[in-house]
Amino acid sequence: MDFETPSEYEPILDVVREFRRRELDPLEKEFLLAGEMDKETKLALELKARDVGLWALDVPEEEGGANLSLLAIAMIHAEICQNAIPFHFGGSPEPMLREASPEQKARYYDTVISGEKRSCYAFTEPDAGSDVQGIKTRAIKDGNDWVLNGTKIYITNAHMADYAFVYAVTDPAKRAKGGITCFMVDRGTPGFTIGNRIRTMGDGRDPYELVFQDCRVPEENILGELGFAFSMGDKQLTHGRVVLAAMCLGLAERSIAIATEWAKQRKAFGKTISQYQAIQWYLADSAVELEAAKMLVYKAAWLYDNDKPVRTEAHMAKLYAAEMAQRVTDRCIQVLGGLGYTLETPIQSMWRHARVKRIGHGTTEIHRWMIARSMLGM
Ligand SMILES: Cc1cc2nc3c(=O)[nH]c(=O)nc-3n(C[C@H](O)[C@H](O)[C@H](O)COP(=O)(O)OP(=O)(O)OC[C@H]3O[C@@H](n4cnc5c(N)ncnc54)[C@H](O)[C@@H]3O)c2cc1C
């Protein structure tokens, strides 16, 4: 067993650190006060990252990507998330597209890598989130087209996307067993509108509602096999879970660093608060939990990279890292006292980033359920 960061990752991690220091850190204070970042600044940052090679991280080299392992990508996200700005690395198409037809790949995969297009992922509905079988958006065949009707909610990046992956019921009798299909729907298709922005307590990347009213989508826009949207992307979902878990490492690490420095300076009752056991235990528990989460996240990434079974380990990593980041950022706010609650420090923002990590990409309850099912052989 080897617990060292692979030496070949050091150059790219140095690039990420430098990018964070040079591009994100100077904008953080302004972002904390504004609570969000405008679209143009976000896009400009993405392009600056592209200039230094931080683009299409998971895409094979021959397709124009950086071809990084999941372990390297996890470490990159743990690094970048030490800034409160929710930075997004561009150029990575939704991995399900690797299963697309050559024509679809040319339209939807290559154009994301080249930076021309962006997508959003539309699954959740007002009446169905965790219960994937419960979606109501309906697609009915009419000639060579499918006609979509329904509403999606909480769709991240919908306002910036050129097309959406939309899950719809194509056979109500079969539902998850051959009756739910994934359609790629272009922005501007008649009957497809971006609805309300849904204001959240989060990191400024508020999601949107999508509305489909008699929206005609050609048969060739079906991704994968008709009715089998759920047979695609298990491996890719695992990839996404590990990346999200890695983000939690960064949130916790920066919060602990701030709280530790503050504890050494802040005086109460004639001593620095670092001399009180209550504060020491907050810091110690946080450091132990961060370390434990790192082990889970990096192990899951290593299993993935080495083509070993990783499904349950990825659920464990995401579950633990998200809950860890929530506890750690909360404790760190406590160490800062009143200051921790203000917009002067990124910790409150990181606490809010951490909160949604317990909901997106599967709630913590669903991850526990999946882990237990695997233990019980269900
Ligand atoms: C900021 C944000 C961005 C998002 N972005 C996207 C996006 O881009 N695309 C997209 O499709 N969706 C997106 N989502 C939706 C997200 O994936 C769902 O909110 C999530 O899957 C939970 O679904 P739900 O909100 O319907 O909650 P529900 O499924 O209604 O769950 C409510 C509660 O019941 C629990 N619960 C449900 N079933 C069980 C069970 N069997 N056992 C135990 N507990 C259970 C849940 O864990 C939760 O605690 C986003 C959400 C947010 C907040």
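Definitions and limits used
What you see as residue numbers is a count from 1 along each chain, following the sequence as written. Per-residue local features of the predicted model are confined to residues with pLDDT of at least 70, and side-chain atom pairs are confined, for both listing and counting, to 80 or more; whole-chain, interface and lining totals are unaffected and use all residues. Note that the side-chain values use all heavy atoms of the structure and ignore hydrogens as well as water. Only protein atoms enter the 1 Å grid, on which a cavity is a set of points fitting a 1.4 Å probe that cannot get out and a pocket is an open set with protein on both sides within 12 Å along at least 5 of 7 lines, lining residues being those with an atom within 4 Å of a point. Grid points are joined across faces, edges and corners, and a volume is the space filled by probe spheres set on the points. The way it works is that DSSP assigns letters per residue, a run of H or I at least four long becomes a helix, a run of E at least two long becomes a strand, and they are numbered from the N terminus. Ten residue types, Ala, Val, Leu, Ile, Met, Phe, Trp, Tyr, Cys and Pro, are classed as nonpolar, four, Asp, Glu, Lys and Arg, as charged, and the remainder, Gly among them, as polar. Exposure above 30% relative accessible area and no salt bridge define the residues that can form patches, which grow by joining like charges within 9 Å and nonpolar side chains of Val, Leu, Ile, Met, Phe, Trp and Tyr within 5 Å. To be clear on the numbers: accessible area is Shrake-Rupley with a 1.4 Å probe, and residue cover counts the displayed protein chains and nothing else. Salt bridge, as used here, is a side-chain nitrogen of Lys or Arg placed within 4 Å of a carboxyl oxygen of Asp or Glu. Accessible area is worked out with a 1.4 Å probe on protein chains only. A residue is then buried under 20% of its type maximum, exposed over 50%, and partly exposed in between. Boundaries of every domain are those given by an automatic assignment or by a domain database. Should any heavy atoms of two residues lie within 4.5 Å, those residues are considered in contact. Summed over both partners, the accessible area (1.4 Å probe) lost when two parts come together is defined as the buried area. To obtain each axis, a line is fitted to C-alpha atoms, and for helices this fit is confined to the stretch in contact; angles are then taken between N-to-C directions over 0 to 180 degrees. Orientation labels follow simple angle bins: below 35 degrees gives roughly parallel, above 145 gives roughly antiparallel, 65 to 115 gives roughly perpendicular, and whatever is left gives oblique. Throughout, a crossing is termed right-handed when the near helix is turned clockwise from the far one, and left-handed when it is turned anticlockwise from it by less than a right angle. One less than the number of residues in a helix, times 1.5 Å, gives the span that helix is expected to have. For a residue, the bend is simply the angle between two axes, fitted respectively to the seven-residue segment ending there and the seven-residue segment starting there. Residues adjacent in sequence count toward polar contacts only when both atoms are side-chain atoms; beyond that, a polar contact is any pair of N or O atoms within 3.5 Å, and within protein one must be able to donate a hydrogen and the other to accept it. Positive charges are assigned to Lys and Arg, negative charges to Asp and Glu, while His and the chain termini are left out of the count. To locate a charge, take atom NZ for lysine, CZ for arginine, CG for aspartate or CD for glutamate. At least two DSSP bridges between two strands are needed for those strands to be called paired.

Draft legend 1. Broad picture of empty space enclosed by the protein. If you walk through the whole model with that rule in mind, you get one cavity of 30 Å³ or more. The computed volume of the largest cavity comes to approximately 40 Å³. Forming the walls of the largest cavity are F31, L32, G35, G202, D203, G204, Q348, S349 and R352. Those elements giving two or more residues to the lining of the largest cavity turn out to be α1 (10-34) and α8 (347-357). Looking at the lining of the largest cavity element by element, the count peaks at three residues for α8. In terms of residue class, the lining of the largest cavity is built from two nonpolar, five polar and two charged.

Draft legend 2. Up close: a nonpolar patch on the surface. A contiguous nonpolar surface patch, about 450 Å² in accessible area, is contributed by M1, F3 and M295. Within the fold, M295 resides in helix α6 (residues 277-305). Judged by its relative accessible area of 40%, M295 is partly exposed.

Draft legend 3. Local environment of the domain arrangement of the protein chain. Partitioning the protein chain into domains gives domain 1 (7-98), domain 2 (119-223) and domain 3 (231-376). Summarising the inter-unit geometry, the C-alpha centres of domain 1 and domain 3 are found 20 Å apart. Taken residue by residue, the interface counts 21 residues in domain 1 and 25 residues in domain 3. Considering only the surface of domain 1 that becomes buried against domain 3, L32, L70 and Q82 emerge as the three largest contributors, covering 31% of it.

Draft legend 4. Up close: the packing of helix α7 (residues 311-336) against α8. Packing of α7 against α8 leaves a shortest axis separation of 9 Å and a crossing angle of 155°. Taken together, the axes of α7 and α8 lie roughly antiparallel to each other. In this structure, α7 crosses over α8, and the sense of that crossing is left-handed. Where α7 abuts α8, its residues K318, A322, A325, Q326, T329, D330, C332, I333 and L336 lie against I347, Q348, M350, W351, A354, R355 and K357. Residue classes in the contact of α7 with α8 are distributed as nine nonpolar, three polar and four charged.

Draft legend 5. Structural context of α1. End to end, α1 covers 34 Å across 25 residues, agreeing with the expected 36 Å (1.5 Å per residue, within 8%). Residue L24 marks the point of greatest curvature in α1, where the axis turns by about 45°; the proline P26 follows within four residues. Residues of α1 that are buried include every one of I12, L13, V16, F19, R20, E23, L24, E28, F31 and L32, and no others. Positive phi shows up at G35, right after α1, with a value of about 80°.

Draft legend 6. Spatial organisation of the side chain of K152. Structurally, the position occupied by K152 is in strand β3 (residues 145-155). By relative accessible area, K152 is classed as buried at 0%. Polar side-chain contacts of K152 include one of 3.1 Å to the backbone oxygen of F123. Of the polar contacts made by the side chain of K152, one reaches the backbone oxygen of Y167; its length is 2.7 Å. Aside from chain neighbours lying at most four places away, what touches K152 is A122, F123, T124, E125, I135, T137, V166, Y167, Y208, E209, L210 and F212.

Draft legend 7. Spotlight on a negative patch on the surface. A surface patch of like charges, here negative, comprises E61, E62, E63 and D110. Topologically, E61 is positioned in the loop between α2 (39-51) and α3 (70-80).

Draft legend 8. Inspection of the pairing of strand β5 (residues 180-186) at higher detail. The element β5 is largely enclosed, with a buried count of seven among its seven residues. Of the two faces of β5, the one carrying I180, C182, M184 and D186 and the one carrying T181, F183 and V185 are both buried. Sheet topology places strand β4 (residues 163-169) next to β5; seven bridges connect them, and they run antiparallel. Directly across from A164, in β5, lies its bridge partner V185.

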